[in-house]
Amino acid sequence: MDNEPSLESLITSDNVDLTNCDREPIHIPGNIQPHGVLLVLKEPELTIIQISSNSYQHLGLHPTELLNKPISVILKKNQLNYLQASLKRENYENNPLYIFTLKVQGQVFDSLVHRIHGVLVLELEPSKFVKAGNSPDLYNHVKSMFSSLSSNMTVREFCQVVTEHVQNLTGFDRVVVYKFDDEGRGEVLAESIGEGISSFLGLHYPASDIPKQARALYMLNWLRLICNVDYTPAPLTPILNPVTAKPLDMSYSVLRSVSPIHIEYLKNMGVKASMSISLIQNNHLWGLIACHHESPKFVPYELRTACELMGQIISLQLSTREENEDFEYRLQIKEVHARLIEQLSMQENYIDRLLNYNPNLSNLINAGGVAVCLDGSISKLGETPDNAQIAKLVNWLSDSVTDDIFSSNCLSKEYSEAQKFKDISSGLLSVAIVRSQKHFILWFRPEIIQTVNWGGNPNKPMEISDDGERLLPRKSFELWKETVQLTSQPWLDCEINAARELKDAIVNIILLRQANELARLNRDLEQSNIELDAFSYIASHDLKEPLRGMHNYSNILLADYANQIDQDGKDKLKTLARLTQRMEGLLDSLLYFSRVGRIDFSVSVINLDEVVHQTLDILSARLEQDKVEVRLPRPLPIIKCDKVRLGEVYNNLISNAIKYNNKLKKWIEIGYFAPGEQTNSNQKLADYDNSYIFYVKDNGIGIRAKHLESIFQIFKRLHARDQFGGGTGAGLTITKKIIERHGGEIWAESEFGEGSTFYFTLHSRKLK
Amino acid sequence: MYTDEVIPTHHSILLIEDSEEDYQTILWVFKKLAVSYPVYRVVDGEEALDFLNHNGKYSSQPRLPPPSIILLDLNLPGTDGRDILYSLKQDEKLKLIPVIVLTTTNSPKDVETCYRNGANSYILKPVNLERFLQMLKILLEYWFETTILLGDFVI
């Protein structure tokens, strides 16, 4: 109050307009509503120092007859005594209290007194009650209202009951409960209306509809009354209070004249009289009970007191009730969460479970629609953007949002693409289940406007087009719409937590399921290995039996019927016998190959040099026969491997080197590079610079570059069967399998006609 | 085949073999090897047990002395060769007859099972008639000329 603007710069009822109404000092209007009289008294003499200009109308005395006179001019002796006694007894500081009913010139007044800034304010308003007769009625009204409020009502239902009772008690045409959101925007939550009165239920208003200074006053006094919007304000005389040298602060005055803007607003609504009761929760203006009447209406003090009491008691109940409602929602979330998880753990296809069963994701968190995305496939429920839009959104989420939980009630602010589907998703709550798989769950909330239940007909054309248009409720609704554009209902903490908990649960289930799946695959693999083993032996028996029959019979024929078969027939029978043996060889190779892939290797620390020498011993006859020079530049290292299998590897590679050589002076070199040792510029070798690389090199026929890969394919032959000593063509395939099962790689390099080198590694890590 | 020192015997061979071709081949080989002992052939386990126990269709035939050796194929229809081996070796009388497994299956598991269950020898049928002949020649020489069988004492 100390830093109030000077009077000259004050916005008053004379110069206030829409552009400055939020600065209008409505607590010092300098005027009162003329249905009562306001007197300002100076203590302790109780001299009248200010008076409303309408005193004559009510008291039969002009201001000039009363100013600077003691209050005893209008009070009887006993009333004065009572007032003085009361002033000593009661606390009137910022606290208007009824003091007595006063009869002046045949009119009965309720007298209300409060003290502010060191002056006493006495307000007289017409009393229309005969007190004794009506008190029980009020008491019963209040009592019956409370008995009809049951504890399990929602806030909305609760407010509905309140409006009905207030309407019943006061007889207003329309009683609404108006609730403010966190940003001060209002919504008509409940309404009770008389016949033929238009409904405001569901209307929303921008915060600017009620300027902040008005809200401040709503916090100070619980009830305001405007008896007749067409009133002519009665100014105070003098304007400035002689004691304070300031306009009278009428914050607590029941007769305070209201802002012309507000009057205009009421007029535009077709309201002639209005009363509002504050609903205050934890020192914060929760909402209002607003009462409207289409004709002037005075509500006597006593009735107002009853309404105020209702407002106060309701206010006290709101917290608990809202907490209950929150609690119930949280409880619902918990319950749905638990049931979802239960379902998830039973179901193979959990995405289907999340969406298509009861309960599902939309029961967990209130939303317009839900989508579950996994690896580009999108499953949807309810109102959602289309697949392309969701896919784009998911890309944005996985690229630009680092948190696994993302929530926004104005998505387009962060993701402008969202404007395209604002109707469906102005709000987004998303959880990344598995980011790498673009596995997201998305809840979409529509733009608030889309959800608003409009009480009247929004398409009805405006009938008023003058300046007052702005202050129509519908116009006001339009304005509100602008303030909430692209915005959805906010996501509650409990909803975000629920999303987080769901994510954790799903991740656990996925992990568990993956572990189970892995275990199952292992079991299957084991089973299939057993079956394959069985198959191998069955095949060896069942395929070989007829083969053996063919073989034996052709030989028996050759032996027993030699005289009856000519040479050509004998040759063909011999070929038949040979083919059966080749077939047996192929079967054996195939079976062996399948076994090498499955049997357990017995890996131990082996001196590879010994392995190579043993192999050379086995092959010594052939080496000697073909006069092959074996070059061993240095002893091979000691290494961890399966001795028998490595022996096979060398056997195969050396046998091939012997076999595929048509040079006169044949040689084979068996050597290795230790890690970091080889200086070859060859990329393949460089890849394995950190491993041992073993090689078997020959000066044989070489391999054409195009065959370097295919030589490792089973039964792949590059030469006619009879050339280079034959063989089944499984040797290199088996070799490759053995190397791979050691964790290594085998490859060949060759210059056609000059020779080949087979390189292999064991337990290698590729440098990349 | 017989020398004067050897007491004449009533040797015979029981062949448990379902494959007609293998049976014919074995007969052919026996002929080549001039085997003179009777060779009885049954095609499955049930028949083998009937033959040995003089049951079923064999009950009406004259009782024969038990075979000196049994050549057993493993993969048989119905009662498998492995089961026959087990049954034979559980029987107080029949367990006295050497059982030579003669089969195509070379699974280490089969080999082990057979020896565990009392097989006296395990021979793989090759896809090579000449080798097969050699194998059977060695087998017969071993069982009938090298070792002493219980049948040697039966007159």
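Residues numbered from 1 in each chain as written. Chains lettered and ligands numbered in written order. Predicted model: local features only at pLDDT ≥ 70, side-chain atom pairs only at ≥ 80, totals over all residues.

Q: Would you mind going over the overall build of chain B with me for this structure?
A: When helices and strands are tallied, chain B shows five helices and five strands. When the helices and strands of chain B are read in sequence order from the N terminus, they spell out β-α-β-α-β-α-β-α-β-α. Here chain B, with 155 residues, has 30% of them falling under the buried criterion. Taking contacts inside chain B between residues at least 6 apart in sequence as the whole, the part at least 24 apart equals 67%. (Helix = DSSP H or I, 4+ residues; strand = E, 2+ residues; numbered from the N terminus. Buried ≥ 20, exposed ≤ 12 C-beta atoms within 10 Å, placed from the backbone. Contact = placed C-beta atoms within 7 Å.)

Q: When you look at the overall build of chain A in this model, what are you seeing that I'm missing?
A: Scanning chain A from N- to C-terminus turns up 21 helices and 25 strands. Considering chain A as a whole, with its 768 residues, one finds that 36% of them fall into the buried category. Look at the contacts in chain A between residues 6 or more apart in sequence, and 64% of them connect residues 24 or more apart.

Q: Hey, could you run me through the packing of helix α19 (residues 643-659) of chain A against helix α21 (residues 731-741) of chain A in this one?
A: When two helices pack together, their arrangement is given by the angle between the helix axes and the distance between those axes. Residues and elements named next belong to chain A. Following both chains from N to C, one finds α19 and α21 inclined at 145 degrees, their axes separated by 9 Å at the closest point. Handedness of the α19/α21 crossing: left-handed. Taken together, the residues of α21 that come into contact with α19 (itself represented by R645, E648, V649, N652, L653 and N656) are G731, L732, I734, T735, I738 and I739. Here the residues of the contact of α19 with α21 are counted per class, giving six nonpolar, four polar and two charged. (Axes fitted to C-alpha atoms, helices over the stretch in contact; angles between N-to-C directions. Left-handed = near helix turned anticlockwise from the far one by under 90°. Nonpolar A, V, L, I, M, F, W, Y, C, P; charged D, E, K, R; others polar.)

Q: Help me out: how do you make sense of the interface of chain A and chain B in this one?
A: Quoted interface sizes are often the accessible area lost when the parts come together. Each side of the interface is counted separately: chain A has 16 residues, and chain B has 13 residues. Of all the elements in the fold, those that place two or more residues in the side of chain A that touches chain B are α15 (493-560) and α16 (567-596) of chain A. In terms of residue count, the dominant contributor to the side of chain A that touches chain B is α15(A) (13 residues). Tallied by class, the residues present in the side of chain A that touches chain B amount to four nonpolar, eight polar and four charged.

Q: What exactly am I supposed to notice about unusual backbone geometry here?
A: Leaving glycine out, the prevailing phi sign among residues is negative, and the prevailing peptide bond configuration is trans. All names here are of chain A. Here the bond from E43 into P44 is cis, since omega is -5 degrees, no more than 30 degrees from zero. Topologically, P44 is positioned in the loop between β2 (37-42) and β3 (47-52). Here N94, not a glycine, exhibits a phi torsion of approximately 50 degrees, which is positive. Relative to the assigned elements, N94 resides in the loop between α3 (77-89) and β4 (97-104). Judged by C-beta crowding, with 14 C-beta atoms within 10 Å, N94 ranks as partly exposed. Look at A245: it is not a glycine, yet its phi comes out positive at around 60 degrees. The class for A245 is exposed, based on 7 C-beta atoms found within 10 Å.

Q: Explain the sheet that holds strand β24 (residues 746-751) of chain A here, please?
A: Two strands in a sheet stick together by hydrogen bonds in their backbones, pointing the same way (parallel) or opposite ways (antiparallel). Residue and element names in this part refer to chain A. As summarised here, the arrangement of the five strands in space is β20-β22-β23-β25-β24, forming an open sheet in which the pairing is mixed. Taken across any chain shown, the strands that pair with only one partner, and hence form the sheet edges, are β20 (628-631) and β24. Averaged over neighbouring strand pairs, the angle between their axes works out to 15 degrees when direction is ignored. In the sheet, β24 pairs with strand β25 (residues 755-760) via six bridges, with the strands oriented antiparallel. Bridge pairing in β25 places S750 opposite S756. Contacting β20, β22 (666-673), β23 (693-698) and β25, α19 runs over the sheet at an angle of about 20 degrees to β23. (Pairing = 2+ DSSP bridges.)

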